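What the coordinates show
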Amino acid sequence: MVSTAIRCKEKRKEVYKKERLAKKKEKKEKREQRKKEAEALGDEAPPKQIPKTLDNTREHDETVVQPDDEEVQAEESKDEFASYFNGKPPRILLTATAKPSKPLYKFMMDILYVFPRICTFYERMGYEIKEIVQYATSHGFTDIIMLNEDRKKPNALYLVHLPDGPTYHFKLSTVTLAKDINNHARPSLHPAELILTNFTTRLGLRVGRALASLFPQAPDFRGRRVVTFHNQRDFLFFRHHRYVFDSEEKARLQEIGPRFTLKLKSIQKGTFDTKFGEYEWKHTTDMDTSRRRFFL
């Protein structure tokens, strides 16, 4: 009897549990049978089946860049971030909404530890974003990170590259403060190493370069501190670790924190301008034609 046809809730749960156990047992038996057949056939065994996922069945994207693409390399050598990859040190102004809540303040403190010595927090004090951009540009800042919140939960991150843009708008979610991470490590003041993974399209490379330009391109390996932006299905997962080598082949990680997830909403040419700004890329609902379509 199929569990969905049973009207009694308790009986339906009982039958459904038995169905799940039976399917699990059958799956295990098939897996063991395939293993025995592979061992018996040896080198003639069929290749191991790779499960289909949204990642390995993504829609074809013509903008995927090969590592040796000379055209892209030529563009990157002249873009807004080129000077930072040639030794120019970043300097970041961190700010937030006019009246940030206590949780947002704590999150900003964690962000300051991600960028030690190069990031400075300024209270919003009722200033417009355009005024903050002018102030930051005149005082030698290279980037502005502005955080927004809704109902005392961080929900947006704006990254403004100075002096002429572009401006990145990210949705911010799943924030976990450093203090809430079990057995978290204490951050050091050494410049961090940076790992960017799965930024494969032209748009993805542009986002990756913007994030990379926030970090000094001469990390101090004595600090054993590493920051990771991992792109999976257009969600950018941020992690911050400290590592120690047990041997030449093995290392241990201890998370420092915070944790959060970014999702790109738009790239605007120039600095922040909601009224007259021209968008280089903007996500709209009609772009979500398939679960297997990704942009980064």
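Everything discussed here concerns the structure shown above.
Residues numbered from 1 in each chain as written. Predicted model: local features only at pLDDT ≥ 70, side-chain atom pairs only at ≥ 80, totals over all residues. Heavy atoms only, no water.

Structural notes on the layout of surface pockets
When its volume is computed, the largest pocket comes out at roughly 420 Å³. Contributing to the lining of the largest pocket are 13 residues, with Arg31, Arg34, Lys35, Lys48 and Gln49 lying nearest its centre. Looking at the lining of the largest pocket residue by residue, the class counts come to five nonpolar, one polar and seven charged. (1 Å grid on protein atoms, 1.4 Å probe; cavity = no way out; pocket = protein on both sides within 12 Å on 5 of 7 lines; lining within 4 Å. Points joined across faces, edges and corners; volume = space filled by probe spheres on them. Nonpolar A, V, L, I, M, F, W, Y, C, P; charged D, E, K, R; others polar.)

Some details on helix α4 (residues 129-138)
Residues of α4 that are buried include every one of Ile129, Ile132, Val133 and Ala136, and no others. Angularly, the buried residues of α4 cover 100° about the axis, an arc narrow enough to put them on a single face. Residues Gln134 and Ser138 are exposed on α4 and point more than 90 degrees away from its buried face. Looking at the buried side of α4, the elements it contacts are β1 (92-96), β3 (143-150) and β4 (153-161). A positive backbone phi angle near 85° is found at Gly140, which sits one or two residues after α4. (Buried < 20%, exposed > 50% of the residue type's maximum accessible area, 1.4 Å probe, protein only. Helix = DSSP H or I, 4+ residues; strand = E, 2+ residues; numbered from the N terminus. Arc of directions from axis to C-beta. Contact = heavy atoms within 4.5 Å.)

Considering the environment of Ser188
By secondary structure assignment, the location of Ser188 is in the loop between β5 (167-176) and β6 (193-197). For the pair Ser188 and Arg151, spaced 37 residues apart in sequence, the C-alpha separation works out to 32 Å. Dropping the residues within four chain positions of it, Ser188 is found in contact with Pro116, Gly223 and Arg225. In terms of polar contacts, Ser188 uses its side chain to reach the side chain of His190, at 3.2 Å. (Polar contact = N/O pair within 3.5 Å; in protein donor to acceptor, adjacent residues only side chain to side chain.)

As for the pattern of salt bridges
Inspection of the entire model under this criterion finds twelve salt bridges. Between Lys18 and Glu14 there is a salt bridge, with its nearest N and O atoms 3.7 Å apart. Of this pair, Lys18 and Glu14 both sit in helix α1 (residues 9-41), four residues apart, which is roughly one turn of the helix. Note on Glu14: relative accessible area 40%, which makes it partly exposed. If you follow the salt bridges from partner to partner, you end up with Glu76, Asp79 and Arg209 in one network. (Salt bridge = Lys/Arg side-chain N within 4 Å of Asp/Glu carboxyl O.)

Focus on the pairing of strand β9 (residues 251-255)
Sheet topology note: the strand β8 (residues 235-245)/β9 ladder contains five bridges and is antiparallel. Within β9, the residue paired with Val244 across the bridge is Arg252. Hairpin remark: β8 followed by β9, antiparallel, with five residues in the connecting loop. (Pairing = 2+ DSSP bridges.)

Concerning the side chain of His283
Within the fold, His283 resides in the segment after β11 (279-282). A polar side-chain atom of His283 sits 2.9 Å from a polar atom in the side chain of Asp288. Once you skip the residues sitting within four places of it in the chain, His283 turns out to touch Leu264, Lys265, Asp288 and Phe295.

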